[in-house]
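What the coordinates show
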Amino acid sequence: MAPIAMAFGVLDITGSAKDTSIVMAAATLATVIVVLIGGAVADRTSRKKVMQISEFSSAVLQAIIAALFSLHQVTVPLLAVLMFMNGVALAFNAPAAAGLIPSLVESKDLQTVNALLGMAKNSAMIVGAALAGILVSFYGAGMTVLIDAITFLLSAFLITSLHPSQQNRLSSHSIIQELKEGWHEFISHTWLWTIVLQFGFVLAAYQSILVLVGPAVANDYYDGAKAWGWIMSAVSIGLLLGGIIGMRLKPRYPLRFATFCVFTGALIPFGIGLLLPLPIILFLAVINGCGWEVFIILWVSLLQKKITPEALSRVTAYDYLGSIGLAPLGIIGAGYCYERFGYLVVSMTAALMIVVATVLVLFVNDVWNNPAEKT
C-alpha cells in the first residue's frame, strides 16, 4: 500500500511530479548508499535479528509519516528524510532475507519455496494495491500509511518464529575485507554482473513508471489513485500467476528463459504512453507481472544454488546495488521530463530502455548458454 499512498499523498499536497519524484527517490537512494554494508552485516551477524530490527524500524518510521499526514504537518524535505531512513532499513533487510532462505530449506526445494514466497507476497500486493487506492481516495494517505506501519510490526513478530540452521559466520574482522571478498565472488560470474548491469537500466526505467509517471498519468488522465491501484493489483495478479508457473518450470537454460521474460516490463510504459483504455492496460499489467515473477524465481534460485552460502548476502547486496543504482536518477529525471516533455516522451523512453538493455544482454554467451545444472 505504501508506494501508492506516498505518491498520491505528495501529489495531493503539492501537485508537483518533481516533488513526488524527490520523496520517492529518497528511499532508493538510501538503499543504494547503504546496501553493501547491510549485506556485510547480514553475513557476519544474525540475519534473523537484522531482519527483525529492520522491520521494527520501518514500523516506527511509517507511523511517524502517517502522523504527519494526519496532522497536516507534511513537508517535502521532511518526507524525503523519513523515506531515506526507510531506505536504510530496507538496505539491511533485503540482503539478510536473501541469505536466510537457504538456511530454512533444502537446496532441491529452493525454486518451489521461492515461488511460494512470491505467491504469498503477490497475493498480499493484489489486495494491498487495490485497498490503497480506495483508502487514499476516501480516507487519505495518513490512514493508509498507518495500516502499513502495523503490518511491519506483524512481520517483525512473525520472523521470531523462524528457526534457521546454524549460520556460518565470517572469520574476517574487517567489513572492508569482507566486501572485497564479496566483490570477487560477484565479478567471478559473468552471467551475474552482466544481468545486474542490464537491470541497472531496466529498473531505472521501470521504477520511474511505477513510482512516479504511472501515478501522475493516472492522476491526470484516469480515475486517480483508484485507477492506479487497479493497475498495481493487475500486476500483482500477474505476479501470482507467474509464481504458479515458476513453481514447476524447469527450462534447460533458465537464465536465457528468464531474460526473455524481462521484455514484459515494457508493456506498462507502452500502454500508459499511448493512454490506452484502462482494461487494456490492466491486461498488459497482468502479462508484465507474470513475466516479472518468472524471472525473479529463476534468478533468485540460480543465485542461491551457484553462490557460496557464506557470501550470499554480500553478493545479493551487490546485485541490489547494481540493479537499483540508477533508479533514483531515473525517478527524479522522469519527474522533471514529465513536466517539461509530457507523458508520451517519458513513457516511450522507459519502454525503449527496457527493450534495448534486454536485447543486448542476450548476446552474452554466459547468459545465453548457462545450463540449469550447477557449474
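Residues numbered from 1 in each chain as written. Predicted model: local features only at pLDDT ≥ 70, side-chain atom pairs only at ≥ 80, totals over all residues. Heavy atoms only, no water.

1. Description of the overall build of the protein
Across its full length, the protein carries 16 helices and zero strands. Its C-alpha atoms give the protein a radius of gyration of 20 Å, near enough to 21 Å, the size a compact globule of 375 residues would have. With respect to the three principal axes, the spread of C-alpha positions in the protein is 50 × 40 × 35 Å. Residues classed as buried in the protein amount to 55% of the 375 residues present. The long-range fraction of contacts in the protein, counting pairs at least 24 apart against all pairs at least 6 apart in sequence, stands at 88%. A gap of 7 Å separates the mean positions of the 19 positive and 18 negative side-chain charges of the protein. (Helix = DSSP H or I, 4+ residues; strand = E, 2+ residues; numbered from the N terminus. Rg over C-alpha atoms; globule rule 2.2 N^0.38 Å. Buried < 20%, exposed > 50% of the residue type's maximum accessible area, 1.4 Å probe, protein only. Contact = heavy atoms within 4.5 Å. Lys, Arg positive; Asp, Glu negative; His and termini not counted. Charge placed at Lys NZ, Arg CZ, Asp CG, Glu CD.)

2. Some thoughts on the confidence of the model for the protein
Across the protein, the average pLDDT comes to 86, with 98% of residues at or above 70. By mean pLDDT, helix 5 (residues 110-139) is the weakest element of the protein at 80, and helix 10 (residues 254-261) is the strongest at 94. (pLDDT = per-residue confidence, 0-100.)

3. Describing the nonpolar core
Grouped together as the largest cluster of nonpolar side chains are 97 residues, with contacts concentrated most on M6, L192 and W299. If you tally residues by element for this core, the top one is helix 8 (residues 190-221), at 17 residues. One finds A42, A96, L100 and I159 within the second-largest nonpolar core, a separate group that totals seven residues. (Core = buried A, V, L, I, M, F, W, Y, C linked by side-chain atoms within 4.5 Å.)

4. Quick notes on the side chain of T358
By the secondary structure assignment, T358 is in helix 15 (residues 343-361). Take T358: its relative accessible area is 0%, and that puts it in the buried class. In this structure, T358 is in contact with Q198, V202, T259, V262 and F263, ignoring residues within four places of it in sequence.

5. Notes on helix 7 (residues 175-187)
Look at helix 7: 18 Å from first C-alpha to last across 13 residues, which is about the 18 Å you get at 1.5 Å a residue. Buried-residue contacts for helix 7 involve helix 2 (17-44), helix 8, helix 12 (278-306) and helix 13 (312-324). (Expected span 1.5 Å × (residues − 1).)

6. Some words on the packing of aromatic side chains
On inspection of all chains with the given rule, the structure shows 11 aromatic pairs. Judged by centre distance (4.8 Å) and plane angle (20°), the ring pair of F199 and F295 falls under stacked. Of this pair, F199 sits in helix 8 while F295 sits in helix 12; the two residues are 96 residues apart in sequence, bridging distant segments of the chain. The pair formed by F199 and F295 is uniform in burial state, with each residue classed as buried. Taken together, the aromatic side chains of W191, F199, Y206, W292, F295 and W299 make up a single cluster linked through ring pairs. (Phe/Tyr/Trp six-rings, centres within 6.5 Å; stacked < 30°, edge-to-face > 60°.)

7. Points about the side chain of D319
Within the fold, D319 resides in helix 13. Note on D319: relative accessible area 11%, which makes it buried.

8. Concerning a nonpolar patch on the surface
Taken together, the side chains of W183, I187, W193, L197, F201, L326, L329 and M353 make up a nonpolar region of the molecular surface, amounting to roughly 750 Å² of accessible area. Among the elements of the structure, helix 7 and helix 8 are those that each provide at least two residues to the nonpolar patch. Ranked by residue count, the leading element in the nonpolar patch is helix 8, at three residues. Mapped onto the secondary structure, L329 falls in helix 14 (residues 327-341). (Patch = residues over 30% accessible without salt bridge, like charges linked within 9 Å, V, L, I, M, F, W, Y side chains within 5 Å. Areas by Shrake-Rupley, 256 points an atom, 1.4 Å probe, with all protein chains shown as cover. Salt bridge = Lys/Arg side-chain N within 4 Å of Asp/Glu carboxyl O.)

9. So, unusual backbone geometry
One non-glycine residue, H72, lies in the positive phi region at around 60°. Phi at L275 takes a positive value of approximately 50°, unusual for a residue other than glycine. Positionally, L275 belongs in the loop between helix 11 (267-273) and helix 12.

10. Thoughts on the pattern of salt bridges
Here the structure, examined in full by the defined rule, presents seven salt bridges. The residue E106 makes a salt bridge to K108 at a minimum N-O spacing of 3.8 Å. Looking at K108, the relative accessible area reads 62%, which means it is exposed. Taking the shortest distance from any N to any O, the salt bridge between R314 and E181 comes out at 3.6 Å. In this pair, R314 is assigned in helix 13 and E181 in helix 7, connecting sequence segments 133 residues apart. Linked by salt bridges that have partners in common, D43, R47, E181 and R314 make up one network.

11. A closer look at the environment of Y320
Among the secondary structure elements, Y320 is positioned in helix 13. On the accessibility criterion, Y320 (25% relative accessible area) is partly exposed. Residues Y320 and M51, 269 residues apart in the sequence, show an inter-C-alpha distance of 16 Å. Each residue touching Y320, except ones within four places of it in the same chain, is listed here: T31, V35, L90, A94 and G325.

12. Thoughts on the state of the cysteines
Inspection of the entire model under this criterion finds zero disulfides. Counting only cysteine sulfurs, C290 is the nearest neighbor of C261, a cysteine outside any disulfide, at a range of 7.7 Å. C261 gets classed as buried once you look at its relative accessible area, which sits at 12%. (Disulfide = S-S within 2.5 Å.)

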